[in-house]
Amino acid sequence: MSKEEVFVAAIDQGTSSTRFIIYDKSARTIGSHQIEFTQFYPQAGWVEHDPMEILESVKVCMAKALDKATADGYNVDKGLKAIGLTNQRDNCRLEQIHRKLEKELSGGKNHFVESCGLPISTYFSAVKLLWMMENVNDVKEAIKKKDALFGTVDTWLIWNLTGGVKGGLHVTDVSNASRTMLMNLKTLDWDASTLKTLGIPSEILPKIVSNSEVIGNYFWMANCRCPYLWMFRDQHAAMLGQACRKGEAKSTYGTGAFILINTGEGIVRSTHGLLSTVAFKLGPKAPTKYALEGSVAIAGAAVQWLRDSLGVISSASEIEALALQVESTGGVYFVPAFNGLYAPWWRDDARGVCIGITRFTSKAHIARAVLESISFQVKDVLDSMHKDWAENESKKEFLLRVDGGAAANSLLMQIQADLLGSPVCRPADIETTALGAAYAAGLGAGIWTEDFIFDSKEKMKNANVFRPIMAEEVRKKKVDSWCKAVSRTFDLADLTI
């Protein structure tokens, strides 16, 4: 006899790994599988992924997770009612196109901000598409022959998993589309003026849908079929997974760190280096919720750098014990501007620095400085959010919700609370990105309600709350030192090799 008859699952296709998680009707994990895939670095500042390897990783994770759940007595084959998809953000950098647009367009870097909420940046998909249109002959020819389809990772996966060349669906969702630099935040459609200015044909772009509606009526999954499929971009999904209502913020600690605050149904324009974006739209007729966002390029990746490039640790989990060997960084400040700094600095000429080193400095001090660098960067973004959101902020105590792999590091979370001067809340299940995608799918399939999803009191029961213990005077001095360290990273991109 099966233990449960109703299940919802989520594909979490991240920057460095893919996972598939199956949930029961109470949103408890009953089966999962995760695998990493290859990172390609063809030249400095570039990161590439093999789309076929990503697709295969999804299929393998689905099959393995299903096997595990079945082995534990769950009849997922018959009980799976909905699958959500959440996917990675963009990675590579294409400076030539970026600089060209800034010089040629009358509005410079902010030419499209009014329509899409984003500055011209190599971080967003439109710039990558333009580069391919200009530099990849196969793409040029395909567009000329009207045989090209464009999309982010979600579009690629949905197209393949719903049939591919045999009738696959060419779609994306509002959260993914909002990060291409091509979608109008108000109309939630591709912006005709932007497409005309950039010379991008609209017919190659996917249809935009909400985060909680049926996309297709057939889905391949090992030996079972699932009639419902939903899409959600990673950080937007995490907002839903954390049940962030208006005025509430979350930070996801992964390869990078991504901080969003729900601004409700109004678009807030930042004057402090943040981005306006869609938070989520839970149904075709549901109101659109917006957010302010700040992205940190290097968070968990700094720990990986210590492990893979320097050999200071042999596994990422070792950094906490190493950093706990010392009570402070000993005056060492590390700024991981490996390929520039994102929000709120937006300095692509920045490069990484480690300052304050003396003969006293040990690898434990460096490890602790790496953890502090992650927390300082998140604080920089939150400080900007508080400034942009000041007139709307509640007088109640600010609480930062956290998730992602690095959030499991309790020392990092305590450092974060100390540097913020406000509490940090870590849920029992830190994989809220996948949970958010599952919530959207379950909501659309009628399995869950919004009241169930946004029941914060229930979610707080098993959460860990880290409260600040650092003296205010110490905090201010450390912040001043951090800002000094950040300033040392500027104008270093042209250093001779």
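Let me begin by describing the structure that accompanies this report. Keep in mind that what you see is a predicted model, and the values were worked out from it rather than measured. (Residues numbered from 1 in each chain as written. Predicted model: local features only at pLDDT ≥ 70, side-chain atom pairs only at ≥ 80, totals over all residues. Heavy atoms only, no water.)

## Quick look at helix α13 (residues 363-388)
An ideal rise of 1.5 Å per residue puts 38 Å on 26 residues; α13 measures up with 38 Å between its terminal C-alpha atoms. Burial runs high along α13: 22 of the 26 residues are buried. (Helix = DSSP H or I, 4+ residues; strand = E, 2+ residues; numbered from the N terminus. Expected span 1.5 Å × (residues − 1). Buried < 20%, exposed > 50% of the residue type's maximum accessible area, 1.4 Å probe, protein only.)

## Considering the pairing of strand β18 (residues 400-403)
Because side chains alternate across β18, one face comprises the buried residues Leu400 and Val402, and the other comprises Arg401 and Asp403, equally buried. Bridge count for strand β12 (residues 249-253) against β18 is four bridges, and the pairing is parallel. Each residue of the ladder has a partner; that of Ser251, found in β18, is Val402. Summarising the sheet, β18 and strand β19 (residues 424-426) pair through two bridges and their orientation is parallel. Within the sheet, the bridge partner assigned to Arg401 lies in β19 and is Cys425. Taken together, β18, helix α14 (residues 410-420) and β19 constitute a β-α-β crossover, and its handedness is right-handed. (Pairing = 2+ DSSP bridges. Right-handed = clockwise from strand over helix to strand, strands pointing away.)

## A look at the environment of Thr255
Looking at where Thr255 falls in the secondary structure, it is placed in the loop between β12 and β13 (257-264). Placed 149 residues apart in sequence, Thr255 and Ser106 show a C-alpha to C-alpha distance of 35 Å. Leave out the neighbours within four places in its chain, and Thr255 touches Thr15, Ser16, Ala297, Ile298, Ala299, Gly300 and Ala301. (Contact = heavy atoms within 4.5 Å.)

## Describing empty space enclosed by the protein
All chains considered together, the criterion is met by two cavities of 30 Å³ or more. Considered as a void within the structure, the largest cavity measures approximately 80 Å³ in volume. In terms of lining, the largest cavity is formed by 15 residues, of which the most central are Val296, Leu341, Tyr342, Ala343 and Gln377. Looking at the lining of the largest cavity, the elements with two or more residues in it are β15 (289-296), α13 and α18 (472-487). Taken together, the residues of the lining of the largest cavity break down into 11 nonpolar, three polar and one charged. Space inside the second largest cavity adds up to approximately 40 Å³. In terms of lining residues, the second largest cavity is bounded by Phe150, Gly151, Thr152, Thr172, Ala177, Thr180, Trp190 and Pro206. Residues of the lining of the second largest cavity, tallied by class, amount to four nonpolar, four polar and no charged. (1 Å grid on protein atoms, 1.4 Å probe; cavity = no way out; pocket = protein on both sides within 12 Å on 5 of 7 lines; lining within 4 Å. Points joined across faces, edges and corners; volume = space filled by probe spheres on them. Nonpolar A, V, L, I, M, F, W, Y, C, P; charged D, E, K, R; others polar.)

## A look at unusual backbone geometry
With glycine set apart, most residues show a phi of negative sign, and most peptide bonds adopt trans. Geometrically, the link from Ala343 to Pro344 is a cis peptide bond, its omega value of -5° lying close to zero. Within the secondary structure, Pro344 is located in the loop between β16 (333-335) and β17 (353-355). For Leu188, which is not glycine, the phi dihedral falls at a positive 60°. Looking at the element boundaries, Leu188 is found in the loop between β6 (183-184) and β7 (189-190). Of the residues examined, Leu188 reaches a relative accessible area of 14% and is grouped as buried. Notably, Asp491 is not glycine yet its phi reads approximately 60°, a positive angle.

## Focus on the nonpolar core
Counting 96 residues, the largest nonpolar core has Met181, Ile200, Tyr253 and Leu400 as its most contacted members. The contacts of Met181, once residues within four sequence positions are left out, are Phe112, Cys116, Leu118, Pro119, Ile120, Ser121, Phe124, Ala126, Val127 and Thr194. Among the nonpolar cores identified, the runner-up in size contains 30 residues, and Ala434, Ala437, Ala440 and Trp448 belong to it. (Core = buried A, V, L, I, M, F, W, Y, C linked by side-chain atoms within 4.5 Å.)

## Some remarks on the packing of aromatic side chains
A ring pair, where both rings are aromatic, is described by two values, the distance of the centres and the angle of the planes. Within this structure, the stated rule accounts for 13 aromatic pairs. Consider the rings of Phe7 and Tyr74, whose centres lie 6.0 Å apart with planes at 90°: the pair is edge-to-face. Here the residue Phe7 occupies a position in strand β1 (residues 7-13), and Tyr74 occupies one in the loop between α1 (51-71) and α2 (76-79), the gap between them amounting to 67 residues. Tyr74 matches Phe7 in its accessibility class, with the two residues each being buried. Between Tyr333 and Phe376, the aromatic rings sit 6.2 Å apart at their centres with planes inclined by 40°, giving tilted as the arrangement. Within this pair, whereas Tyr333 is found in strand β16, its partner Phe376 is found in helix α13, the two being separated by 43 residues in sequence. Residue class for Tyr333 comes out buried when judged on its relative accessible area of 10%. Members of the aromatic cluster, joined through ring pairs, are Trp305, Phe334 and Phe338. (Phe/Tyr/Trp six-rings, centres within 6.5 Å; stacked < 30°, edge-to-face > 60°.)

Functional significance is not addressed by these values, which are geometric in nature.
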